[in-house]
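# Descriptive structure summary
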Amino acid sequence: MPFYRCAVPKESVPYEQRAAVAKAFTDVHCGSTGAPRSFVHVVFDEADDRWETPYFVDGANRAGRPEALKTQLLSDLIDAFREVTGVPAEQVSGRITEGPASWTMEGGMVLPEPGEETAEWYEHDERIGQGQAAAGG
Amino acid sequence: MSRVTFRCTMQEGQVDEDTRVVLADGLRRIAADLLGESADDVPVSFSDIPAGFGFRGGAPSTTSLVRGAIVGGVDQALREQVMRAIIDMWTEVSGCTVDELIVSAADA
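So, here is what we can say about the structure in this document. Every value quoted in this text rests on a predicted model; they were computed, and no experiment measured them. Every chain is numbered independently, its residues counted from 1 as its sequence is written. For this description, chains carry letters from A and ligands carry numbers from 1, given in the order in which they are written. Given that this is a predicted model, residues contribute local features only at a pLDDT of at least 70 and side-chain atom pairs are listed and counted only at 80 or more, while totals for whole chains, interfaces and linings are drawn from all residues. For side-chain calculations, the full set of non-hydrogen atoms in the structure is used, while hydrogens and water are omitted.

### So, the overall build of chain B
Each helix is a run of H or I in the DSSP string that is no shorter than four residues. Each strand is a run of E no shorter than two, and both are numbered from the N terminus. When helices and strands are tallied, chain B shows 2 helices and 6 strands. Reading chain B from its N terminus to its C terminus gives the helix and strand order β-α-β-β-β-β-α-β. Values of the radius of gyration come from C-alpha atoms, whereas the globule rule sets the reference at 2.2 Å times the count of residues to the power 0.38. The globule rule puts the C-alpha radius of gyration for 108 residues at 13 Å, and the 14 Å found for chain B is close to it. Counting over 108 residues, chain B shows a buried share of 48%. Any pair of residues with heavy atoms lying within 4.5 Å of one another is described as a contacting pair. The contacts in chain B between residues at least 6 apart in sequence include a share of 81% that link residues at least 24 apart. Each residue is placed in one exposure class: buried if its accessible area under a 1.4 Å probe, protein chains only, is under 20% of its type's maximum, exposed if it is over 50%, and partly exposed if it falls in between.

### Quick word on the sheet that holds strand S2 (residues 41-45) of chain A
Reading across the sheet, the 6 strands line up as S4(A)-S3(A)-S1(A)-S2(A)-S3(B)-S4(B) and stay open at both edges, with mixed pairing between neighbours. This sheet does not close on itself; its edge strands, each paired only once, are strand S4 (92-99) of chain A together with strand S4 (59-60) of chain B. Where S2 of chain A and strand S3 (residues 54-56) of chain B come together, 3 bridges link them in antiparallel fashion. Bridge pairing links His 41 of chain A to Arg 56 of chain B in S3 of chain B. Helix H2 (residues 67-85) of chain A rests against strand S1 (3-7), S2, strand S3 (55-62) and S4 of chain A of the sheet, and its axis sits at about 140° to S4 of chain A. Here a strand pair is declared whenever DSSP counts at least two bridges between the two strands. Orientation is described by lines fitted to C-alpha atoms, with helices fitted over the stretch in contact, and by angles between N-to-C directions that extend from 0 to 180 degrees.

### Section: the pattern of salt bridges
All names here are of chain A. Salt bridge, as applied in this entry: a Lys or Arg side-chain nitrogen positioned within 4 Å of an Asp or Glu carboxyl oxygen. This model, assessed by the stated rule, comprises 12 salt bridges over all chains. With its nearest N and O atoms 3.2 Å apart, the salt bridge here joins Asp 27 to Lys 23. Here the residue Asp 27 and the residue Lys 23 both occupy positions in helix H1 (residues 15-33), the gap between them amounting to 4 residues, near one helical turn. Looking at Lys 23, the relative accessible area reads 45%, which means it is partly exposed. Bridged by salt links that share partners, the residues Lys 23, Asp 27 and Arg 37 form one connected network.

### Describing the sheet that holds strand S6 (residues 101-107) of chain B
Taken in spatial order, the 6 strands line up as S6(A)-S5(A)-S6(B)-S5(B)-S1(B)-S2(B) in an open sheet, and their pairing is mixed. Two strands in the sheet have a free side with no partner beyond their single neighbour: strand S6 (109-110) of chain A together with strand S2 (44-49) of chain B. Taken together, the 6 bridges between strand S1 (residues 4-11) of chain B and S2 of chain B define a ladder with parallel strand orientation. Bridge pairing in S2 of chain B links Met 10 of chain B to Asp 48 of chain B.

### Thoughts on helix H2 (residues 76-94) of chain B
Taking 1.5 Å per residue as the helical rise, H2 of chain B with its 19 residues ought to reach 27 Å, and the 26 Å between its terminal C-alpha atoms agrees with that figure. The elements touched by buried residues of H2 of chain B are strand S5 (104-106) of chain A together with S1, helix H1 (17-35), S2, strand S5 (64-70) and S6 of chain B. We call two N or O atoms a polar contact when they sit within 3.5 Å, provided that within protein one can donate a hydrogen and the other can accept it, with sequence-adjacent residues counted only if both atoms are side-chain atoms. Two or three places before Ala 77 of chain B, at the opening of H2 of chain B, Asp 75 of chain B has a side-chain oxygen 3.2 Å from that residue's backbone nitrogen. Gly 95 of chain B lies just past H2 of chain B and shows a positive phi near 85°. Each helix should span, by expectation, one fewer than its residue count multiplied by 1.5 Å.

### So, the packing of aromatic side chains
In this analysis, rings of Phe, Tyr and Trp, with Trp reduced to its six-membered ring, are considered paired at centre separations within 6.5 Å, and the interplanar angle assigns stacked below 30 degrees, edge-to-face beyond 60, and tilted for intermediate values. The final tally for this structure, using the stated rule, is 5 aromatic pairs over all chains. Seen from their ring centres, Tyr 4 of chain A and Phe 25 of chain A are 5.8 Å apart, and the 80° between their planes marks the pair as edge-to-face. Separated by 21 residues along the polypeptide, Tyr 4 of chain A in strand S1 and Phe 25 of chain A in helix H1 bring together distant segments of the chain. Phe 25 of chain A carries the same exposure label as Tyr 4 of chain A, and that label is buried. Aromatic rings pair up to connect Tyr 15 and Phe 44 of chain A together with Phe 55 of chain B into one cluster. Comment: the charge-over-ring label is applied if NZ (Lys) or CZ (Arg) is within 6 Å of the ring centre and within 35 degrees of the ring normal. When the ring centre of Phe 53 of chain B is taken as reference, the NZ or CZ atom of Arg 18 of chain A above it lies at 3.7 Å. It is Arg 67 of chain B that lies over the ring of Phe 3 of chain A; its NZ or CZ is 5.7 Å from the centre.

Here it is as C-alpha cells:
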C-alpha cells in the first residue's frame, strides 16, 4: 500500500505515459505522506468499468491520515494524471478508500500505521528498491 | 460455503499455470489448517497485470498480491499467523522473494 488503480479506456494511455504517471503518483504520494517510495503501487486497468468518468483513479491507502491531507492527495494525483496524459478535467475523477495497516504484510513485515514508520522500515524500502533494480525494474 | 476467499494478482508471465494450481492448493490448506475451513470450499482466483501496466516505486513491478477476505474477521495474532503462512508457502512454491509479495487478510 498505497495501491493506485487507474481505470482507463482501452489503448488510451501509451506505455511512456503510464510510466510517467506511475512516477508522478509516487512523487505525489511520498511528498504528501513521507512514505517510502517502494510502498507505492500503480496499476493501469483497461477493463470496461462503469465509473462516473472515463478515467478514474481508485486509491487504497492505510487508514489514519487527516481528511484534509487525503483530499489534497487525491486532488494532486488527479492533477498529475491530467498533466501527463492531457486528459480534460471533466473526464477524470477518483477516490481513496482506506483499510487498517495491520491487515497487510509487505516485505514480510506488518505495515506500520501512518506516521509510525521506523528506521527499519526505511531500510526495508531501500532493500526492495535495490531488488527492483536488480530485476530490471 | 467458505467464509474465506483469496484473490491473487500477479505480473503477467511471472507464475505459470502449473504453479498456480500448487499455490491455490497451498492457500486452501492454510485456510483449512489455521481457520478451520473445508479446503475444497475455499475460492481462489488469479488475475494478471499485463506487462507494462504495473509499477512499484515508479518502476516496472515484479510484485504479486494475495488478498484474503475472512467473513466475521479474526484477531490480529491469528491474522498475522495466516499472512506469514501464506508468505512462506508462496515464496517456496513460486520462487519469488519476500520483497516481491504483498499479503493481506482483511475482515469482511
